[in-house]
Amino acid sequence: MLQPSTAFLSPARPRAVATWLFIVAAMIVGIVVVGGITRLTNSGLSITEWKPLTGIIPPLNPAQWQAEFANYQRIPEYQQLNRDMTLAGFKAIFFWEYLHRALARTIGMAFALPLVWFWVRKRIPAGYHGRLVALLALGALQGAVGWWMVKSGLSVRTDVSHIRLAVHLLTALVTLAGIVWTALDLRALYRDPNAQPARLPTVGTVALLALFLQLLWGAFTAGLDAGYAFASWPLMGDSLFPAGVPMMTPGWVNGFDNPIVVQFIHRWWAFAAAGALCWLAVAATRTGSRAGFWVVGLVTLQIILGIATLMTGVLIDVAVAHQANAALLLIAAIFAAHAVGDRHKVS
């Protein structure tokens, strides 16, 4: 372990590596927003092939556009729902899916290329190489999961599997959380060369688990279009839970596959998650961190945006803001949990 008096002799640059990771995290928030728009505009199935390298080149002439449109016309979404779509309409949905994939490739390069540079220049502090490689692998997995999701809507269904959509979103958010946590560890190392990586405290584990469950059911709600089921709050129609809802067998699958039950869970688990996050916020504030105030503010805004999403009939601007704020809330929760878990933090 380097002593403060000799730290300058090391080529490692924890501050530079942390700054790079925060930039990548911001890019991930951006792609989460674009992914939400892609879903809400029903654009996700407009590109029916996965070409990791050549796919970055969009159609460049009328013949190529017609070929792409012809590919789309072969899938059930077009045949059952969009048979009146024109080429101009196809170009509109193609734009969002193309932008989503282009951003994914850009983020991949923004992570992989600087990682190689930092590695070769020996700028990465000892003990962090494996963690950064794991995050890179998680990002690569995200690309494969994205195609696995899209593929579910190309042959039988008219949309993608909501389960696969949830896996896709949660993989992105786990990657985001890991990147931010690692950046915070590196920032602490820059400030104190003797600092050790923070440990996830119990309060952080509980709060983050509660939040991830809420995000999971949010993904189910989006994937099943469950937000459209009832545009009222706090009641669903005339009651807390509507009577006469057809139930699936076995009963447990309703929590995952029944749009009305899924919306109900997403509505009310939000308050359990909010309670856990406020507990984390209090713990973080006691360490002197301001992250707790951000957690309380963002979780309050998230509940307001969730209610507004329902009551506006899933107005796209409101729904996208709801998804974007979820990513920001996750980042704030990571900051708060890291502050509590930092063993060198003065209480």
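Residues numbered from 1 in each chain as written. Predicted model: local features only at pLDDT ≥ 70, side-chain atom pairs only at ≥ 80, totals over all residues. Heavy atoms only, no water.

**Student:** When you look at the overall build of the chain in this model, what are you seeing that I'm missing?
**Tutor:** Across its full length, the chain holds eleven helices and zero strands. What you see in the chain, going N to C, is helices and strands ordered as α-α-α-α-α-α-α-α-α-α-α. For 347 residues, the compact-globule formula gives about 20 Å, and the C-alpha radius of gyration of the chain, at 22 Å, lands near that figure. Taking the principal axes of its C-alpha atoms as reference, the chain extends roughly 70 × 55 × 35 Å. (Helix = DSSP H or I, 4+ residues; strand = E, 2+ residues; numbered from the N terminus. Rg over C-alpha atoms; globule rule 2.2 N^0.38 Å.)

**Student:** When you look at a nonpolar patch on the surface in this model, what are you seeing that I'm missing?
**Tutor:** On the surface, I56, I57 and L60 cluster together to form a nonpolar patch covering roughly 310 Å² of accessible area. Within the fold, I56 resides in the loop between helix 1 (14-40) and helix 2 (62-73). (Patch = residues over 30% accessible without salt bridge, like charges linked within 9 Å, V, L, I, M, F, W, Y side chains within 5 Å. Areas by Shrake-Rupley, 256 points an atom, 1.4 Å probe, with all protein chains shown as cover. Salt bridge = Lys/Arg side-chain N within 4 Å of Asp/Glu carboxyl O.)

**Student:** Quick question: what am I supposed to make of the packing of helix 6 (residues 162-191) against helix 7 (residues 202-223) here?
**Tutor:** Geometrically, a packed helix pair is captured by the angle between its two axes and the distance between the axes. Running from amino to carboxyl end, helix 6 crosses helix 7 at an angle of 140°, the nearest separation of the two axes being 8 Å. In terms of their interaxial angle, helix 6 and helix 7 are classed as oblique. Classified by chirality, the crossing of helix 7 by helix 6 is right-handed. Listed contacts from helix 7 to H162, I163, L165, A166, L169, L170, L173 and V174 of helix 6 are F212, L215, L216, A219, F220, A222 and G223. The residue makeup of the contact of helix 6 with helix 7, split by class, is 13 nonpolar, two polar and no charged. (Axes fitted to C-alpha atoms, helices over the stretch in contact; angles between N-to-C directions. Parallel < 35°, antiparallel > 145°, perpendicular 65-115°, else oblique. Left-handed = near helix turned anticlockwise from the far one by under 90°. Contact = heavy atoms within 4.5 Å. Nonpolar A, V, L, I, M, F, W, Y, C, P; charged D, E, K, R; others polar.)

**Student:** Looking at this model, I keep getting lost on the environment of G153. Mind explaining?
**Tutor:** Within the secondary structure, G153 sits in the loop between helix 5 (129-151) and helix 6. C-alpha separation for the pair G153 and M109, spaced 44 residues apart in sequence, amounts to 28 Å. With sequence-adjacent residues up to four places away left out, G153 is seen in contact with L45, I75, P76, D159 and V160.

**Student:** I would appreciate a short explanation of the nonpolar core in the present structure.
**Tutor:** Most often, soluble globular proteins have nonpolar side chains that are buried together. If you look at the biggest cluster of nonpolar residues, it comprises 67 residues, and the most contacted ones within it are W20, L21, F111, L132, L173, L176 and L330. Elements that contribute at least two residues to this core include exactly helix 1, helix 4 (87-120), helix 5, helix 6, helix 7, helix 9 (259-286), helix 10 (291-311) and helix 11 (316-341). Sorting elements by how many residues they give to this core places helix 6 first, with 13 residues. Setting aside its immediate chain neighbours within four residues, L21 contacts F111, L132, I179, T182, A183 and L186. (Core = buried A, V, L, I, M, F, W, Y, C linked by side-chain atoms within 4.5 Å. Buried < 20%, exposed > 50% of the residue type's maximum accessible area, 1.4 Å probe, protein only.)

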